[in-house]
Amino acid sequence: MNTAIHESLAKAPELDVSVQAAAVLLTLAMRDTESPVTDLGQALSRMVATLTTVREHVEKKPFNGDTDGTRMQLESELSICIQSLQFHDRLIQQLAAVRNLLTGLSSHGPLCVAGFGAQRWEELLDMLRDRLSADQHHQLFDLLMRTGVVDNELGSELTPAEGSVELF
Amino acid sequence: MARILAVDDSPSMRQMVSIALTGAGYDVEQACDGVEALALAQENRFDLVITDVNMPNMDGITLVRELRGKANYKFVPLLVLTTEATQERKQQGKAAGATGWLVKPFNPERLLATIAKVLA
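Residues numbered from 1 in each chain as written. Chains lettered and ligands numbered in written order. Predicted model: local features only at pLDDT ≥ 70, side-chain atom pairs only at ≥ 80, totals over all residues.

1. A short note on the interface of chain B and chain A
Right, so step 1: Counting residues at the interface gives 31 residues for chain B, matched by 27 residues for chain A.
Right, so step 2: Every element with two or more residues in the side of chain B that touches chain A is listed here: α1 (11-23), α4 (87-96), β5 (100-103) and α5 (108-119) of chain B.
Right, so step 3: Take the side of chain B that touches chain A: its biggest share by element is eight residues, from α1 of chain B.
Right, so step 4: In terms of residue class, the side of chain B that touches chain A is built from 13 nonpolar, twelve polar and six charged.
Right, so step 5: Bridge count for strand β1 (residues 165-167) of chain A against β5 of chain B is three bridges, and the pairing is antiparallel. Bridge pairing in β5 of chain B places Val165 of chain A opposite Leu102 of chain B. (Contact = placed C-beta atoms within 7 Å. Helix = DSSP H or I, 4+ residues; strand = E, 2+ residues; numbered from the N terminus. Nonpolar A, V, L, I, M, F, W, Y, C, P; charged D, E, K, R; others polar. Pairing = 2+ DSSP bridges.)

Here you go:
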């Protein structure tokens, strides 16, 4: 038997345990973020409610430049919080996909990119491609698979249409 | 103010949409998937539905198609809010009867402007 394959098979149980441990750790880390993110969302919700009350008070009174400016500043900051907090959701989705891939790997045995492993490698790439939600991500992924590196400038040019709106 | 149904399987996303819309004075109901949304839409009258695409039980594209098939929702704006940004998926949404396609993460001001536009 080929030495490399022999060594790979010998390490299989060790790899399997590592992969399973990584999947469990990911699950725990994802769960750990749930409570703080919920708290943050609830705090934001209360801030918006308070801001609405402030807005109503301001509207009843004669124009007050300072108060109005502060209100607008607060609204702008809240808007940034709402937009930025959405990345947590995306991160959780991607981590869940990674966890599922790891779980899949541990149940399929050691990954090898040669011989019969090549088919598994193609299956794995297909699974990863399924996770890509934008045409730009596909371009970036293909480029990465071809060259192994992505130029920073090119990467920024390929930024997907996040926040875009298209009415039909 | 208009009544809006926000559909997403992620509690934090529902919360963010809800915060953005209630802050602007909209009355917001939430559903965690297409099945729950469809049941709520049948029991209530909403002026606009905003839905995610990838959800368990019933996805957003199917929900849009189902709602468009109902007399009450034939002309109600149905917006899709998703991380999906491929032309193929957008075409699927359009064919199902979606009014518009917004890519996450949404900008609250742009979301409100879009809602005001499609409700006008």
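2. Notes on the confidence of the model for chain A
Right, so step 1: Residue-level pLDDT values for chain A average 75, and 68% of them are 70 or greater.
Right, so step 2: Put simply, helix α5 (residues 152-157) of chain A is where chain A has its lowest mean pLDDT, 52, and β1 of chain A is where it has its highest, 88. (pLDDT = per-residue confidence, 0-100.)

3. A few points about the sheet that holds β1 of chain A
Right, so step 1: Spatial ordering of the open sheet is given by β1(A)-β5(B)-β4(B)-β3(B)-β1(B)-β2(B), a layout of six strands whose pairing is mixed. A single partner strand is all that each edge strand has here, and the edge strands are β1 of chain A together with β2 (27-31) of chain B. Within this sheet the neighbouring strands show an average axis-to-axis angle of 20 degrees, counted without direction.
Right, so step 2: Against the sheet, helix α2 (residues 34-43) of chain B contacts β1 (3-7), β2 and β3 (48-51) of chain B, and its axis sits at roughly 160 degrees relative to β1 of chain B. (Axes fitted to C-alpha atoms, helices over the stretch in contact; angles between N-to-C directions.)

4. Quick word on the nonpolar core
Grouped burial of nonpolar side chains is what soluble globular proteins tend to show.
Right, so step 1: If you look at the biggest cluster of nonpolar residues, it comprises 39 residues, and the most contacted ones within it are Leu5, Val7, Ala41, Val49, Ile50, Val80 and Leu102 of chain B.
Right, so step 2: Here this core takes six residues from α1 of chain B, the largest share from any one element. (Core = buried A, V, L, I, M, F, W, Y, C linked by C-beta atoms within 7 Å. Buried ≥ 20, exposed ≤ 12 C-beta atoms within 10 Å, placed from the backbone.)

5. Focus: α2 of chain B
All names here are of chain B.
Right, so step 1: When α2 is considered as a whole, its buried residues turn out to be Gly34, Ala37, Leu38 and Ala41. The buried side chains of α2 occupy one side of the element, clustering within an arc of 100 degrees when seen end-on. With respect to the buried face of α2, the exposed residues turned more than 90 degrees away are Ala39 and Glu43.
Right, so step 2: Each element contacted by the buried residues of α2 is listed here: β1, β2, β3 and α3 (60-68). (Arc of directions from axis to C-beta.)

6. Quick look at unusual backbone geometry
The general pattern is negative phi for most residues beyond glycine and trans for most peptide bonds.
All names here are of chain B.
Right, so step 1: A cis geometry characterises the amide bond from Lys104 onward to Pro105, with omega recorded as 0 degrees.
Right, so step 2: You can see Pro105 is positioned in the loop between β5 and α5.
Right, so step 3: Positive phi values are uncommon outside glycine, yet Asn57 reaches one of about 70 degrees.

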